[in-house]
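Structure assessment
One letter stands for each residue in the lines below.
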Amino acid sequence: MTGRHSVEKIGGTSMAATETLLDNVLIADRKGSDLYQRIFVVSAYAGMTDLLLENKKSGAPGVYGRFVADDAAEGWRNALGIVREAVRDRNAAMFARAKSRAEADAFIEQRIRAVAACLEDLARLRSHGRFCVKEQLLTLRELLAGIGEAHSAHSLALLLRDRGVNARFVDLSLWDQDDLRSLDQRIEEAFATINLANTLPIVTGYAGCEGGMVRRYARGYTEMTFSRLAVLTGAREAIIHKEFHLSSADPKLVGADKARKIGRTNYDVADQLANLGMEAIHPGAGRGLRQTDIPLRVRNTFDREDEGTLVTGDYVSDVARVEIVTGIRQMQALQFFEQDMVGIKGYDSAILDALARHGLWIVSKSSNANTITHYLAASPDAVKKVIADLQKDYPEAAISAHPVAMVSAIGSDISRPGLVPDALRALDEAGIPMIAMQHQIRNVDIQFIVESRDFDEAVRALHRALVENEGLQAAEGRRAA
């Protein structure tokens, strides 16, 4: 049964804009009972998980990276000191009330000290050289990740209470080896006694549970907590608050005046975006919402009055059109050619096994009689290891990798006649050679493979032809009518 409440997730950049978040999302014009019937799942403040684990974009090591590398005796200790300074600076900037700031500082200091003690013990154990600490390192990664969300959720609950809101800090991050329940069990227990009519739960995006959240979902774990909360509590709507609208293209590439808010789309489109690494919603999180018919809304934290983009399972655009043009700037095309492949089974599964063994993300694939190509979101070095493995088993095969980019035109229904010729013409007129193209029967996306250097211009050209020009034609049609 669908409830009255919503479950809402706040991203790290939005969390860092604390006053805007309070004014636009958490409180706004609400008073009394209107403040409640909402559950908020929060990410760590922007940049905090990068300091604790490693930088998501550059790979620069944080506490975890320094400890694993053991690059210097004081490397990880210095990194932890940077975390301690960052959280205290964040608290100092947020809290006007000295008592609340002191409580926030004491809380996070206790968490940091507990993890620091674990690090010291593990460092001593590792120094003997006779112990394998690989499994303990995975546990350490989980512990460090939980610090970020515990800090942000605890601080936000304090800030709301200072403003007269009955906010409750719901800490799902605590766990030990004797308490490895499932994520669902942990959520159900935490919410068994919470009355949503008069309580505003602020929930840690990280949850300590069997299998490990970071191990299972990488940096998408907050969205899994958010999704399971919505499903288990029967939310009427799931809402993600981001620092941008879900737009027809990156405004930085095509121009803020040309990018358009999507407004409505479906979970098919959300899955395509997740496959390309866009931060709409983790595919596992989207699956749970889709299966239980919970609509997802993506809102811009900095655009208070706008209702954002609504994602549902059954939506199909009433006019066949491209809704978004996006892609991956740097990827690898792994090409496996074997003349004897025709009519012989086993090649495909062998390649997939090698890719899975090395943990590489497959964005797309294509094949013909004697060639199988996988388009991978992976580094050249990682792909070289896969090639070395495959070459041992198939010494006669020609196996190579090439840096490429993928630009994808996506929509809930892109079956418009002439769309592909229009896209090819746009690329040709922009002087962009196309390496390959894939168009699926489902009519949700078309993928264009181009040189990495052509990515930006390809996005602009396709957006201009398939989104901007379509909009102009529709407007002219309305005026004529």
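Below or above, wherever it landed, is the structure these notes cover. (Residues numbered from 1 in each chain as written. Predicted model: local features only at pLDDT ≥ 70, side-chain atom pairs only at ≥ 80, totals over all residues. Heavy atoms only, no water.)

1. Some remarks on the pattern of salt bridges
- In total, this model carries 30 salt bridges according to the counting rule given.
- The partner of Asp162 in a salt bridge is Arg97, and the shortest N-O contact between them spans 3.4 Å. Remark: Arg97 occurs in the loop between helix H5 (75-94) and helix H6 (98-127) and Asp162 occurs in helix H7 (residues 134-162); sequence separation between them is 65 residues.
- Classification of Arg97 as partly exposed rests on a relative accessible area of 43%.
- When the shortest N-O distance is used, the salt bridge between Asp422 and Arg416 registers 3.1 Å.
- A relative accessible area of 25% means that Asp422 is categorised as partly exposed.
- One salt-bridge network, in which partners are shared between bridges, spans Asp50, Glu54, Arg141 and Arg219. (Salt bridge = Lys/Arg side-chain N within 4 Å of Asp/Glu carboxyl O. Helix = DSSP H or I, 4+ residues; strand = E, 2+ residues; numbered from the N terminus. Buried < 20%, exposed > 50% of the residue type's maximum accessible area, 1.4 Å probe, protein only.)

2. Thoughts on the side chain of Thr309
- By secondary structure assignment, the location of Thr309 is in strand E8 (residues 309-312).
- Of the residues examined, Thr309 reaches a relative accessible area of 0% and is grouped as buried.

3. Observations concerning the pairing of strand E10 (residues 361-367)
- As judged from the six bridges shared by E10 and strand E11 (residues 371-377), these two strands associate in the antiparallel manner. Along E11, the bridge assignment pairs Lys365 with His374.
- Once E10 ends, the chain turns through three residues before running back antiparallel as E11. (Pairing = 2+ DSSP bridges.)

4. Structural notes on the environment of Pro403
- Relative to the elements of secondary structure, Pro403 occurs in strand E12 (residues 398-410).
- On the accessibility criterion, Pro403 (49% relative accessible area) is partly exposed.
- Sequence separation of Pro403 and Asn300 is 103 residues, and the distance between their C-alpha atoms is 34 Å.
- When residues no more than four places from it in sequence are discounted, the contact partners of Pro403 are Met331, Gln332, Glu451 and Ser452. (Contact = heavy atoms within 4.5 Å.)

5. Considering the nonpolar core
- Residues Leu160, Ile202, Leu289 and Leu296 are the most contacted members of the largest nonpolar core, which totals 104 residues.
- The element that contributes the greatest number of residues to this core is H7, accounting for 12 residues.
- When near neighbours in sequence (up to four residues on either side) are disregarded, Leu289 contacts Phe226, Ser227, Ala230, Val231, Ala238, Tyr267, Ile281, Ile294 and Leu296.
- Grouped together as the second largest cluster of nonpolar side chains are 26 residues, Ala405, Val420, Phe455 and Ala458 included. (Core = buried A, V, L, I, M, F, W, Y, C linked by side-chain atoms within 4.5 Å.)

6. Regarding the packing of aromatic side chains
- Counted under the stated rule, the structure contains six aromatic pairs.
- Centroid distance Phe107 to Phe169: 5.5 Å. Interplanar angle 90°. Geometry classified as edge-to-face. With a gap of 62 residues between them, Phe107 in helix H6 and Phe169 in strand E3 (residues 167-170) connect regions that are remote in the sequence. An identical accessibility class is assigned to Phe107 and Phe169; each is buried.
- For Arg90, the ring lying beneath its charged end belongs to Tyr45, and the centroid distance is 5.0 Å.
- A cation over a ring is seen here: Arg141 above Tyr64, with NZ or CZ 4.9 Å from the ring centre. (Phe/Tyr/Trp six-rings, centres within 6.5 Å; stacked < 30°, edge-to-face > 60°. Lys NZ or Arg CZ within 6 Å of the ring centre and 35° of its normal.)

7. Observations regarding a nonpolar patch on the surface
- Together, Leu424, Met434 and Met437 line one region of the surface with nonpolar side chains, adding up to about 210 Å² of accessible area.
- By the secondary structure assignment, Met434 is in strand E13 (residues 434-439). (Patch = residues over 30% accessible without salt bridge, like charges linked within 9 Å, V, L, I, M, F, W, Y side chains within 5 Å. Areas by Shrake-Rupley, 256 points an atom, 1.4 Å probe, with all protein chains shown as cover.)

8. A short note on the packing of helix H14 (residues 347-357) against helix H15 (residues 380-393)
- Axis separation between H14 and H15 bottoms out at 10 Å; the angle between their running directions is 140°. Between H14 and H15, the interaxial angle falls into the category oblique. Relative to H15, the crossing made by H14 is right-handed. Facing Ala350, Ile351, Ala354, Leu355 and Arg357 of H14, the residues of H15 in contact are Val386, Asp389 and Leu390.
- Its residues assigned to classes, the contact of H14 with H15 comprises six nonpolar, no polar and two charged. (Axes fitted to C-alpha atoms, helices over the stretch in contact; angles between N-to-C directions. Parallel < 35°, antiparallel > 145°, perpendicular 65-115°, else oblique. Left-handed = near helix turned anticlockwise from the far one by under 90°. Nonpolar A, V, L, I, M, F, W, Y, C, P; charged D, E, K, R; others polar.)

9. A short note on unusual backbone geometry
- With a phi close to 60°, Asp293 is a non-glycine residue in the positive phi region.
- Residue Asp293 is classed as exposed on the basis of its relative accessible area of 68%.
- Phi angles above zero are rare outside glycine, and Asn443 is one such case at about 60°.
- Note on placement: Asn443 falls in the loop between E13 and strand E14 (445-450).

10. Some details on the packing of helix H12 (residues 267-275) against helix H13 (residues 283-291)
- The interhelical angle for the contact between H12 and H13, taken along N-to-C directions, is 170°, at an axis separation of 9 Å. Overall, the two elements H12 and H13 adopt an arrangement that is roughly antiparallel. Here Tyr267, Asp271 and Ala274 of H12 lie close against H13, whose contacting residues are Pro283, Gly286, Leu289 and Arg290.
- When the residues that make up the contact of H12 with H13 are grouped by side-chain class, the tally is four nonpolar, one polar and two charged.

11. Some points on the sheet that holds strand E6 (residues 264-266)
- Here eight strands make up an open sheet; going across it, the order is E3-E4-E2-E1-E5-E7-E8-E6 and the pairing mixed. At either end of the open sheet lies a strand with only one pairing partner, and these are E3 and E6. Put simply, the sheet's adjacent strands are angled 20° from each other on average, direction ignored.
- As judged from the three bridges shared by strand E2 (residues 38-42) and strand E4 (residues 200-204), these two strands associate in the parallel manner. When the bridges of E4 are listed, Val42 appears paired with Thr204.
- Relative to the sheet, H12 contacts E6, strand E7 (296-300) and E8, its axis offset from that of E6 by approximately 75°.

12. Describing the sheet that holds E11
- Strand order in this open sheet of six strands is E10-E11-E9-E12-E14-E13, and the pairing throughout is antiparallel. Only two strands of the sheet have a single partner each, and these edge strands are E10 and E13. For this sheet the average axis-to-axis angle between neighbouring strands, irrespective of direction, equals 30°.
- As judged from the six bridges shared by strand E9 (residues 324-337) and E11, these two strands associate in the antiparallel manner. Paired with Gln335 across the strands is Thr373, a residue of E11.
- Where helix H16 (residues 419-429) meets the sheet, it contacts E13 and E14, and its direction lies at approximately 25° from that of E14.

Nothing here speaks to function; it is geometry throughout.
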